[in-house]
Amino acid sequence: MDKDSIFDKSIERLEEYCVENGFKKYGAGQIMRWIYSNRVFDFSKMSDIPKTLRENLAKKFHAELPEITDTQYETDEGGSSKKYLLKLSDGNYIESVLINYKNRRTLCVSSQIGCKMGCVYCETSNLGFIRNLTAGEIISQLLTVENDNSEKITNVVFMGMGEPLDNFKAAEESLKIISDDKLIGIAPRKITISTCGLLNVLKNLEMNGYKYKIAISLNASDNFTRNMLMPVNKKFPIEKLAAFINGRKSSAHNKTTIEYVLIKGVNDRIENAKKMIGMFSPSNVKFNLIPLNKDENSLFLKNFERPDEETLNNFKLKLSKAGFTVTVRFSKGGSINGGCGQLRAKTRCF
Ligand code: SAH
């Protein structure tokens, strides 16, 4: 019988498992703490758990992490980044990037292998959609990278391969474990979910009172341009996204981030900045400008260029003069293709 990954099991599922097998329900919490708090993956070493339960667990579950098949490291004056190529148990590959910046160690996780969204500036969409990751595969990225660095990850961003809200059930299960202070313990305010704008799921998230930070990839100031860049805009156009963003409760520490990939001649004019100033308020959004990342050899992105520095600075200045907080993300990991939109399995085995 094939064993299930223990990382895919929620506390509720493990409780059921314990009860079904004649053990006390609270055994589930003990197992979870051994794994996520103590990082003990060998069931036989979980010393305060009855021996029969340990044996039972070992028969039913495995606790194997993905294999690190490659890493690439890069430093710059602000910090460093390390890109991991991870091999999953079915032979597929995913990537995660650890970004060290000031006193933060942020892990950029993947939520899917490939992506269905079809954004024309993003290399992951060029892969097509292979499959969703399981909750355990999302959590395993953190466990693997932390294990490799022996330093705690402080922040998590769902900005790797895939659209997290297109695989929200698994993302949600992983988030419960990642943010539980008895388990991995990264507070929701240190976790950012980046989305191309799947409004139906976003609204649900809001209704459920989740405290994760939200980043929305807007990337255009008008529907004509956004339709061309992001097919999802036909379903959830800019005015609907703007209404949602403007209706969110916000505080100085919890504004919606608007991500905006700057592409030369496509969305980098002052006019575009002006439109966004008209659409949003500095009290509830901040901008994250991302000059297009592109591998010089990319055939997929051959028609797109990064704007020059002057254009970027003028765009930034226009927004900041209107009172918005603006950061420019010169993607960490740019030169190792670990920058935004460039995460793609380099070994295709599917
Ligand atoms: N699907 C999610 C998360 C993955 S992409 C989303 O769309 O938000 C993470 C960020 O990288 C997004 O803001 C996206 O707009 C940006 N991005 C994608 N391709 C890029 C590229 N080639 N250069 C710069 N940023 C890119």
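These figures come from a predicted structure and were not determined experimentally. (Residues numbered from 1 in each chain as written. Predicted model: local features only at pLDDT ≥ 70, side-chain atom pairs only at ≥ 80, totals over all residues. Heavy atoms only, no water.)

Draft legend 1. Main features of the pattern of salt bridges. Under the defined criterion, the tally for this structure stands at 17 salt bridges. Residue Lys-60 pairs with Asp-4 through a salt bridge whose shortest N-O separation is 3.7 Å. Of this pair, Lys-60 sits in helix H3 (residues 51-60) while Asp-4 sits in strand S1 (residues 4-5); the two residues are 56 residues apart in sequence, bridging distant segments of the chain. Here Lys-294 and Glu-305 are joined by a salt bridge, their closest N and O atoms 3.1 Å apart. Residue Lys-294 is located in the loop between strand S13 (285-291) and helix H11 (309-321), and its partner Glu-305 is located in the loop between S13 and H11; the two are separated by 11 residues in the primary sequence. The exposure class assigned to Glu-305 is partly exposed, which follows from its relative accessible area of 39%. When salt bridges with common partners are traced through the structure, they connect Asp-4, Lys-9 and Lys-60 into a single cluster. (Salt bridge = Lys/Arg side-chain N within 4 Å of Asp/Glu carboxyl O. Helix = DSSP H or I, 4+ residues; strand = E, 2+ residues; numbered from the N terminus. Buried < 20%, exposed > 50% of the residue type's maximum accessible area, 1.4 Å probe, protein only.)

Draft legend 2. Highlighting the packing of aromatic side chains. Tallied over the full model, the rule gives 8 aromatic pairs. Ring centres of Tyr-17 and Phe-61 lie 5.1 Å apart, and the angle between their planes is 70°; on these two criteria the pair is classed as edge-to-face. A residue pair is termed long-range when its members are at least 10 positions apart, and Tyr-17 in helix H1 (residues 11-20) and Phe-61 in strand S2 (residues 61-62) qualify at 44 residues. Judged by centre distance (6.5 Å) and plane angle (75°), the ring pair of Phe-280 and Phe-287 falls under edge-to-face. Taking relative accessible area as the criterion, Phe-280 reaches 6% and is therefore assigned buried. Each residue in the set Phe-7, Tyr-36 and Phe-41 is aromatic and connected to the rest through ring pairs, giving one cluster. (Phe/Tyr/Trp six-rings, centres within 6.5 Å; stacked < 30°, edge-to-face > 60°.)

Draft legend 3. Representation of the domain arrangement of the protein chain. Examined at the domain level, the protein chain breaks down into domain 1 (4-62) and domain 2 (67-336). Placing the centre of domain 1 and that of domain 2 at their C-alpha centroids yields a distance of 34 Å. Contacts between the two partners involve 10 residues from domain 1 and, on the opposite side, 15 residues from domain 2. Approximately 1,000 Å² of surface area, both sides summed, lies buried where domain 1 meets domain 2, with 61% of it carried by carbon and sulfur atoms. In terms of surface lost to domain 2, no three residues of domain 1 exceed Phe-7, Tyr-36 and Arg-39, which account for 51% of the buried area on that side. Across the salt bridge formed by Arg-39 and Glu-146, the nearest N and O atoms sit 2.5 Å from each other. Run the count over domain 1 and domain 2 and you get 3 residue pairs in polar contact (both at pLDDT 80 or more). (Domains from an automatic or database assignment. Contact = heavy atoms within 4.5 Å. Buried area = accessible area lost by both parts, 1.4 Å probe. Polar contact = N/O pair within 3.5 Å; in protein donor to acceptor, adjacent residues only side chain to side chain.)

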